[in-house]
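Summary of the model geometry
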Amino acid sequence: MRFLVTAGPTRELIDPVRYISNRSSGKMGYAIAEVALEAGHEVILISGPVHLEPPRGAKLVSVSTSDEMFDAVHRDADSCDVCVLCAAVADYKPAKVSPVKIKKRAGNLSLELVPTRDILDSLGHRQHRQFLLVGFAAETNDVEQNAAQKLHAKNCDIMVANDARLGMESDENELMILFRDSEMRKISRAPKKNLARELVKIYSEFATKRLTKKM
Ligand code: CTP
């Protein structure tokens with residue numbers, strides 16, 4: 001099978017030397033890419049800026065902004081069987097990018113932010129989508145309810161929920177996996193590589209079932 005995996009944060013430019021970003025390390029996405037390769041799948045890894053070695057054998061597409069990630073994902077999604085959107089895409093970006101460094105002045109400074117495009121939502125609502133679509137939900141409260149709401153709103157097949165406070169920058173996480181038919185599975189706290197193994201198994205089984213149903 002062919003996997004597309006997004007990983008890491010995005011950077012939304014304020015001016016040539018400043019940006020808005022988040023604490024995502026990219027470890028979960030990179031672990032999924034690595035395990036999928038080990039299982040014999042092809043992998044396109046679309047990554048924001050991280051400090052990780054890309055897994056050998058992956059086709060790496062390096063991006064920085066949410067717009068670049070949006071374009072890269074849309075370029076490759078239709079050629080894949082499974083799309084796993086693990087990246088922590090910024091929800092907002094500055095309304096204007098200053099072409100020169102913004103100078104310090106007396107008093108407060110306000111920055112106008114506008115929403116970025118939601119990549120997962122755009123894939124979920126694509127007509128005649130063939131690939132399995134997996135989202136990740138990073139929550140700090142009401143994890144199951146928030147993740148279920150995202151699963152339906154963004155029209156994906158599987159939503160993997162985690163506690164953002166536990167998972168960000170860490171080597172470990174614990175997961176709740178939600179399916180469209182309201183089934184739910186939990187994986188208790190474990191290294192991200194072990195979690196990735198369980199996830200890739202679930203994705204492959206699910207994608208195979210979808211493919212055989214269509215034949
Ligand atoms: N996502 C995306 N594009 C965005 C924002 C989020 O594709 N512009 C994807 C993420 O890659 C993830 C999923 O949406 O798979 C959920 O991301 P999350 O940040 O948890 O949810 P949001 O929809 O941004 O909601 P909120 O931040 O309010 O919880």
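In this section: the overall build of the chain. Each helix and strand counted, the chain has six helices and 12 strands in total. Taking 2.2 N^0.38 as the reference for a compact globule, 215 residues should give roughly 17 Å; the C-alpha atoms of the chain span a radius of gyration of 18 Å, in line with that estimate. Projected onto the principal axes, the alpha-carbon positions of the chain cover approximately 65 × 35 × 35 Å. Among the 215 residues that make up the chain, the fraction classed as buried is 47%.

Turning our attention to the nonpolar core. The biggest cluster of nonpolar side chains holds 35 residues, and the ones touching the most others in it are Ile32, Phe136 and Tyr203. With eight residues, helix H1 (residues 27-38) is the largest single contributor of residues to this core. Discounting residues that sit within four places of it in the chain, Tyr203 has contacts with Phe3, Ile32, Val82, Val84, Leu132, Val134, Phe136, Ile158 and Val160. With 28 residues, the next largest nonpolar core counts Leu4, Val63, Leu85 and Ala87 among its residues.

When you line up the elements, Arg129 lands in the loop between helix H3 (119-124) and strand E9 (132-139). Of the polar contacts made by the side chain of Arg129, one reaches the backbone oxygen of Phe131; its length is 2.8 Å. With residues near it in sequence (within four places) discarded, Arg129 still touches Leu123, Gly124, Asn155, Cys156, Asp157, Arg180 and Arg210.

So, about the site of the ligand. In the neighbourhood of the ligand, 16 residues make up the surrounding shell, with Leu85, Ala87, Leu120, Lys150 and Lys154 lying closest. Asp91 has a polar side-chain atom sitting 2.8 Å from an oxygen atom of the ligand. The backbone of Arg117 places a nitrogen or oxygen atom 3.0 Å from a nitrogen atom of the ligand. Coverage of the ligand by the protein amounts to 77% of the 570 Å² it exposes when considered alone. Put simply, the parts of the chain that give the shell around the ligand at least two residues each are H3 and E9. Among the elements that line the shell around the ligand, the one with the most residues is E9, at four residues.

Thresholds applied
- Residues numbered from 1 in each chain as written.
- Predicted model: local features only at pLDDT ≥ 70, side-chain atom pairs only at ≥ 80, totals over all residues.
- Heavy atoms only, no water.
- Helix = DSSP H or I, 4+ residues; strand = E, 2+ residues; numbered from the N terminus.
- Rg over C-alpha atoms; globule rule 2.2 N^0.38 Å.
- Buried < 20%, exposed > 50% of the residue type's maximum accessible area, 1.4 Å probe, protein only.
- Core = buried A, V, L, I, M, F, W, Y, C linked by side-chain atoms within 4.5 Å.
- Contact = heavy atoms within 4.5 Å.
- Polar contact = N/O pair within 3.5 Å; in protein donor to acceptor, adjacent residues only side chain to side chain.
- Near = heavy atom within 4 Å.
- Areas by Shrake-Rupley, 256 points an atom, 1.4 Å probe, with all protein chains shown as cover.

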